[in-house]
Amino acid sequence: MDRDTAEPSVSSLPGDRAKRWVEYHHEVAAPSTYVYEFVLDATAPAAGPFCTDVDGNVLMDFTCHVASAPLGYNNPLILDRLGELELVDPLRIAGQDFYISGGWPPEAPDGPGPSQLMHRLVEATEHFDFDRVFLSNSGAEAVENAIKVCYADGGHRAVTFEGAFHGRTLGALSLNRSKRNHRKGYPEVPGVLSVPYCGCHTECTCGWQTDGPGGNALADRLHPKQGNLDPAEVAFIILEPVQGEGGYRIPNPTFIDDLQAIIDEHDIRLIADEIQSGLGRTGEMWGIDHTPLEPDVICSAKGLRVGATISKGSLFPEETGRISSTWGAGDIVGAMRGVAVLDAINEEDLLTNATDRGEQFTEAMTDADPSGVEAVRGLGLMLALDFETKELRDAVVDDAFDRGLLLLGCGYRTLRVLPPLDVTEREIDLAVSVLTESIEAAN
Ligand SMILES: Cc1ncc(COP(=O)(O)O)c(C=O)c1O
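We now turn to the structure provided with this report. Per chain, residues are indexed from 1 in the order of the written sequence. Only residues with pLDDT of 70 or above have their local features reported here, since the model is predicted, and side-chain atom pairs are shown and tallied only from 80 upward, although totals for entire chains, interfaces and linings are computed over all residues. Side-chain descriptors were evaluated using all non-hydrogen atoms of the structure, hydrogens and water having been removed beforehand.

Looking at helix α11 (residues 390–402)
- In this description a helix means any DSSP run of H or I spanning at least four residues, a strand means any run of E spanning at least two, and both kinds are numbered starting from the N terminus. The span you would expect from a helix comes to 1.5 Å times its residue count less one. Taking 1.5 Å of rise per residue, 13 residues should cover 18 Å, and α11 covers 19 Å from first to last C-alpha, within 8% of that figure.
- Residues of α11 that are buried: Leu392, Arg393, Val396, Val397, Asp399, Ala400 and Phe401.
- Note on contacts: a residue pair qualifies if any of its non-hydrogen atoms lie within 4.5 Å across the two residues. Tucked inside the fold, the buried residues of α11 contact β2 (58–61), β11 (382–387), β12 (405–406), β13 (408–410), β14 (414–417) and α12 (425–442).
- Directly beyond the C-terminal end of α11, a positive phi value near 95° is found at Gly404. Only protein chains enter the accessibility calculation, which uses a 1.4 Å probe. A residue is then buried if its area is under 20% of the maximum for its type, exposed if over 50%, and partly exposed in between.

Set out below in structure tokens:
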């Protein structure tokens, strides 16, 4: 498939083969998050955002597997590196917890192991003086380990934000505040307080700013006389630098300044959950790089292929066995994919591309001014459209799918748009034209 000329081309979606796959899948797969009747043909041509389904339809994927495939399909920057691996049994070699694997000088930059991935992650967070990484298997585990590390350092209370999503293990889900069914009926870590996440960009209407003694919802709770939360008991504040599942909300700078003041005053640890906003998605390596905040821990996953909890050596518990995972860091190929993604972001200047192409999308959609769209927002390639109603948003997702453009909803009536980090000008133009047609048709 030639990425420079490919276009979405669909006859019927889902086609007959896709229907059979979906039926079979539902016989054996437990119900989880299932959005589309889209069945990727993993053996058929695919390049960048373009992929082929089992009926031969060519689709344009602007979901990037919810940011887990940040470079789209069959990216040579990744495939070529993986193709060079000459290993006895790459898939059988578990992570680094019980022993580490070698075979090349440890500092060799192209060595494919978890240590090289950790090295890259330390480099990518050196502006925060981070020097240690714990690798796990998923985003939820990256969060789970981050909160364990903070609890181990002291405190039994935690602060999360309205609209937050941090994963589905019991610890991580206790911090979720996006959809009720994520937590319904499950036991939770006690002592979690939630306060508004201020994404207001004119007047603050979310409840963050108050007339109370602290001037905002968290400072009020922490106030020495009138508050009811003892800062000494707070193990961490966990923040998505741009809220993902909750609606691609970009924080208000005043909200960030307020958080900074609270953290400085009370010396509270900050966990930045960068699982959706990190790895270049917003045009900076980490979403938090757009703010003056200095996190104590960063959680990453998705595009890395493994989970990563990154911090300072002084914060991780010294005693062995406090955190551990047999397949943490995945296998050699998994760890190598994380290395290749980070190298591609740096070597191909994908942060600049994310910024430029994000602006192109936002300007083009703003100019198109489609009816029923309240706002076009975004930071880098973490892009969103707010619709007047949830029904219209859902209809647009369905219509775009019928035209061969894969998109996802988030929040209540928001559409999220996640092109690959190396998306081209032509591909953005193409997506904008399909999307505007879909909005027109769905109105
Ligand atoms: C911000 C954030 N945190 C945590 C997670 C959980 O990651 P995983 O699905 O890999 O467990 C997600 C997944 O979408 C996420 O967006």
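Following the structure, the description resumes.
As for the pattern of salt bridges
- Salt bridges are defined as contacts in which a side-chain nitrogen from Lys or Arg sits within 4 Å of a carboxyl oxygen from Asp or Glu. Taken as a whole and assessed by the stated rule, the structure comprises 15 salt bridges.
- Salt-bridge contacts for Asp343 lead to Arg120; the nearest nitrogen and oxygen are separated by 2.7 Å. In this pair, Asp343 sits in helix α9 (residues 332–347) while Arg120 sits in helix α4 (residues 114–124), placing the two residues 223 residues apart along the sequence.
- Residue Asp343 is classed as buried on the basis of its relative accessible area, which comes to 9%.

Thoughts on the site of the ligand
- For this description, a residue counts as near a given molecule or strand if any of its non-hydrogen atoms is within 4 Å of it. If you check the shell around the ligand, you find Ser138, Gly139, Ala140, Phe165, His166, Gly167, Glu240, Asp273, Ile275, Gln276 and Lys302 and nothing else.
- The definition of a polar contact used here is a pair of N or O atoms within 3.5 Å, where within protein one atom must be able to donate a hydrogen and the other to accept one, and adjacent residues in sequence count solely through side-chain atom pairs. Measuring from an oxygen atom of the ligand, one finds a backbone N or O atom of Ala140 at 2.8 Å.
- Between the ligand and Gln276 there is a distance of 2.8 Å, counted from an oxygen atom to a side-chain nitrogen or oxygen.
- The Shrake-Rupley method, run with a 1.4 Å probe sphere, supplies the accessible areas, and residue values consider only the shown protein chains as cover. Protein chains bury 79% of the 390 Å² of accessible surface belonging to the ligand in isolation.
- Under this grouping Gly is polar, as are all residues other than the nonpolar Ala, Val, Leu, Ile, Met, Phe, Trp, Tyr, Cys and Pro and the charged Asp, Glu, Lys and Arg. When grouped by side-chain class, the residues that make up the shell around the ligand number three nonpolar, five polar and three charged.

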